[in-house]
Amino acid sequence: MISGKLLSQAIISGANNICNQKNAVDELNVFPVPDGDTGTNMSMTISAGKRALEQLEEDDAGKVAQACASALLRGARGNSGVILSLLFRGFAKGLKGKEEVSAQDLAEALSIGVENAYKAVMNPTEGTILTVARVAAEHAMQEAQQVNDPVVVFEAITHWAEEALNQTPEMLPVLKKAGVVDAGGKGLLVIFEGMLSVLKDGKMVDAKSPEKARVNVAANPVAEYEGEITFTYCTEFIVDKKKDAKDALKLRAYLETIGDCVVVVDDDSIIKVHVHTDHPGKALEEGLTFGALINMKIENMREQHAAKQKEVEQTRQNHEYVKVDPEMEYGFVAVAAGEGLHALFTDLGVNCVVSGGQTMNPSTDDILSAIHSVPAKTVFVLPNNKNIIMAAEQAVSLADRRVCVLQTRTIPQGLSAMLAFDPDGAFEENRVNMTKALDSVQTGNITFAARDSDFDGHNIKKGEILAMDNGKLAYVEKDIDKALYKLVKSLTKKSDGSFVTVIYGIDVTDEQAEQARKMLENKFSGYEINLISGGQPVYYYIVSVE
């Protein structure tokens, strides 16, 4: 039998294991654009459970499981984190009232968790974390009928989770083409392995020192780090190559001696450079030996990081609980990153903007705190990212007021939904009209490749420019403006609208944005081009046509 204390130690060990290996799990993400990072989201989610268990003095297994599940529910980040929390919620439901866990209890509890997770996902996809959990649970039930040792059953769970994980490339062609297994399934296996270490061998997996987060090229340096910043200056520039320019590999080799996070993208006429260094002058001097420099940008990441931490703290203070005001019918919470986008949503009537988005998924508790800071009887939530919708939906049952999560997958959809709101309309009327507004807008993004990838017919190199058309990779370019032109051309062909809105991010200067606007006005004379400073990280441009 497994006691509550032993179960608690096993879960903490599992949490330590995924935290130690989160970067390796992150690397399994096959999509080339910067994303929420599965390993990071799962590690942050289960770490919420770990913190709760470390403060719990309880030897009742059912109560241990419930405390962990409650913490995971609130701490869930990203779709993988939400699914993990649902597995543990079902697991806790199966162990309710159990002081100790038998083999049968263990198998049945995991099966309930799997059932919960499948029900929560609208269109379950096999070859993912769901498959790994389901196969493990099915074999756990079979094993529990043969033996009455919960440790043997958990060995079977871990073994068959690994077997199922190894089959995920056969179920999802994109995994097979990339030569990897499913990231969410791998994260779950890593957690199971950490738990088994305690249950079978009595060895707790120790938490290693936090690793520095991997850096996304050209992303906002403010949001790049969880740990210590090694080099101070994020330095970027483009070399307009002279005729007899040396091999760009020599520039890369030099930059690696004075910094890290080096990316050198060599084209026929230019070299695009990104490096973190304490000596930006040396990087520029070396670049000059290859040709003239243009679009130079140097940012002090330590100062920006300190400012970001202050901003986060102020945001937390602004999310204080407020009772419902009977006179306030409707309120709004939106998720967005960037000062310009924060201001834009606020101007449209959003009461509270949660900082987050791509690569920065807020937790369920972050969204719940924002909901509770709005004193309205009904609060509409706009996630504005497909990887945040599930976490937002988990907040509905936790809130003490009516919450409606609109299925906004992009920033432009969120803006369109707000414009469709009628303050004098009934709830259902507004819900329907705001939802309909999502289909009226064509959305695109210009970002960068976070990793080398052979994806969807494109051979992509890290640092190249990617144009995303309604969530699908459309074009791969080396020039941002060229990618922007192609994207707008594609979006306008799909829409009857005449309004093009271009929201530029933190890595685009006002001058560059204005130049892009003039280019679009020349190319698309029949359209009204609206330029907005969003200040968002990750995306150079967010584009909508409606």
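See the structure shown above.
Residue indices follow the written sequence of each chain, beginning from 1 at its first position. Thresholds applied to this predicted model are a pLDDT of at least 70 for local features of residues and 80 or more for the giving and counting of side-chain atom pairs; totals over whole chains, interfaces and linings are not thresholded and use all residues. No hydrogens and no water enter the side-chain calculation; it runs on all heavy atoms of the structure.

## Quick word on the overall build of the protein
And then number 1: Only DSSP runs of H or I with at least four residues qualify as helices, and only runs of E with at least two residues qualify as strands; both kinds are numbered from the N terminus onward. Each helix and strand counted, the protein has 19 helices and 18 strands in total.
And then number 2: Note on method: radius of gyration uses C-alpha positions; expected globular size equals 2.2 Å times residues raised to 0.38. At 25 Å, the protein has a C-alpha radius of gyration in line with the 24 Å of a compact globule built from 546 residues.
And then number 3: Based on the C-alpha atoms only, the size of the protein along its principal axes is roughly 75 × 60 × 40 Å.
And then number 4: Exposure categories follow from relative accessible area, calculated using a 1.4 Å probe and restricted to protein chains: below 20% of the type maximum is buried, above 50% is exposed, and the middle band is partly exposed. Per-residue burial over the protein gives 57% buried out of 546 residues.
And then number 5: Between two residues, a contact is recorded if the distance between any of their heavy atoms is within 4.5 Å. Summarising the internal contacts of the protein: among those between residues at least 6 apart in sequence, 72% fall at separations of at least 24.
And then number 6: Under the convention used here, a 1.4 Å probe and the Shrake-Rupley method define accessible areas, while residue burial counts only the protein chains that appear. A total accessible area of about 23,700 Å² is found for the protein, and carbon and sulfur atoms account for 47% of it.
And then number 7: A gap of 3 Å separates the mean positions of the 55 positive and 77 negative side-chain charges of the protein. Under the counting rule used here, the positive set is Lys and Arg, the negative set is Asp and Glu, and His together with the chain ends is not counted. A charged residue contributes its charge at one atom only: NZ of Lys, CZ of Arg, CG of Asp or CD of Glu.

## Topic: the sheet that holds strand β17 (residues 528–533)
And then number 1: Pairing between strands requires that DSSP locate at least two bridges from one strand to the other. Spatially, β15-β14-β11-β18-β16-β17 is the arrangement adopted by the 6 strands of the open sheet, whose pairing is mixed. Each having just a single partner strand, β15 (472–477) and β17 make up the two edges of the open sheet. On average, each strand axis in the sheet is inclined to that of its neighbour by 20°, with strand direction left out of account.
And then number 2: With 5 bridges joining them, strand β11 (residues 442–448) and strand β14 (residues 465–469) adopt antiparallel strand pairing. Across the sheet, the residue bridging to Phe-448 is Ile-465, located in β14. Note on definitions: angles span 0 to 180 degrees between N-to-C directions of axes, and those axes are lines fitted to C-alpha atoms, for helices only across the stretch in contact.

## Notes on the packing of aromatic side chains
And then number 1: Stacked, edge-to-face and tilted are the three classes for Phe, Tyr and Trp ring pairs, Trp counted by its six-membered ring, which pair at centre distances within 6.5 Å; planes under 30 degrees apart are stacked, over 60 edge-to-face, the rest tilted. Counted by the stated rule, this structure contains 11 aromatic pairs.
And then number 2: Seen in terms of ring centroids, Phe-380 and Phe-421 are 6.4 Å apart; in terms of plane orientation they differ by 65°. Their pairing is edge-to-face. With Phe-380 in strand β9 (residues 378–382) and Phe-421 in the loop between α16 (411–419) and α17 (427–438), this residue pair connects regions lying 41 residues apart in the sequence. In this structure, Phe-380 and Phe-421 share a single accessibility class: buried.
And then number 3: Of the aromatic side chains, those joined through ring pairs into one cluster are Tyr-330, Phe-332, Phe-380, Phe-421 and Phe-427.
And then number 4: Sitting over the ring of Tyr-485, Lys-523 keeps its end group 5.4 Å from the ring centre. Any Lys NZ or Arg CZ that is within 6 Å of a ring centre and within 35 degrees of that ring's normal is treated as a charge sitting over the ring.

## Quick notes on helix α2 (residues 38–54)
And then number 1: The terminal C-alpha atoms of α2 lie 24 Å apart, and with 17 residues this matches the ideal 24 Å at 1.5 Å per residue to within 8%.
And then number 2: The buried fraction of α2 amounts to 13 of the 17 residues, a majority that puts the element mostly inside the structure. What a helix is expected to span follows from its residue count: subtract one and scale by 1.5 Å.

## Brief notes about helix α5 (residues 103–120)
Each turn of an α-helix holds 3.6 residues, which means side chains three or four residues apart point in the same direction.
And then number 1: Taking 1.5 Å as the rise per residue, α5 with 18 residues should run 26 Å; its terminal C-alpha atoms sit 26 Å apart, in good agreement.
And then number 2: For α5, the set of buried residues is Ala-103, Asp-105, Leu-106, Ala-107, Ala-109, Leu-110, Gly-113, Val-114, Ala-117 and Tyr-118.

## Some words on the side chain of His-274
And then number 1: Tracing the backbone shows His-274 in strand β5 (residues 270–277).
And then number 2: Its relative accessible area of 3% is what places His-274 among the buried residues.
And then number 3: Here His-276 takes part through its side chain, which lies 3.5 Å from a polar atom of the side chain of His-274. Polar contacts, as used here, are pairs of N or O atoms within 3.5 Å; protein pairs need one atom able to donate a hydrogen and one able to accept it. Residues neighboring in sequence count only if both atoms are side-chain atoms.

## Some thoughts on the sheet that holds strand β10 (residues 402–405)
And then number 1: Strand order in the open sheet made by the 4 strands is β8-β7-β9-β10, with parallel pairing throughout. This sheet does not close on itself; its edge strands, each paired only once, are β8 (352–355) and β10. When strand polarity is set aside, the average angle formed by the axes of neighbouring strands in this sheet is 20°.
And then number 2: Where β9 lies against β10, 4 bridges are found, and the strand directions are parallel. Across the sheet, Val-379 pairs through a bridge with Val-403, a residue of β10.
And then number 3: Together, β9 and β10 form the strand contacts of helix α15 (residues 389–396), whose direction differs from that of β10 by roughly 165°.

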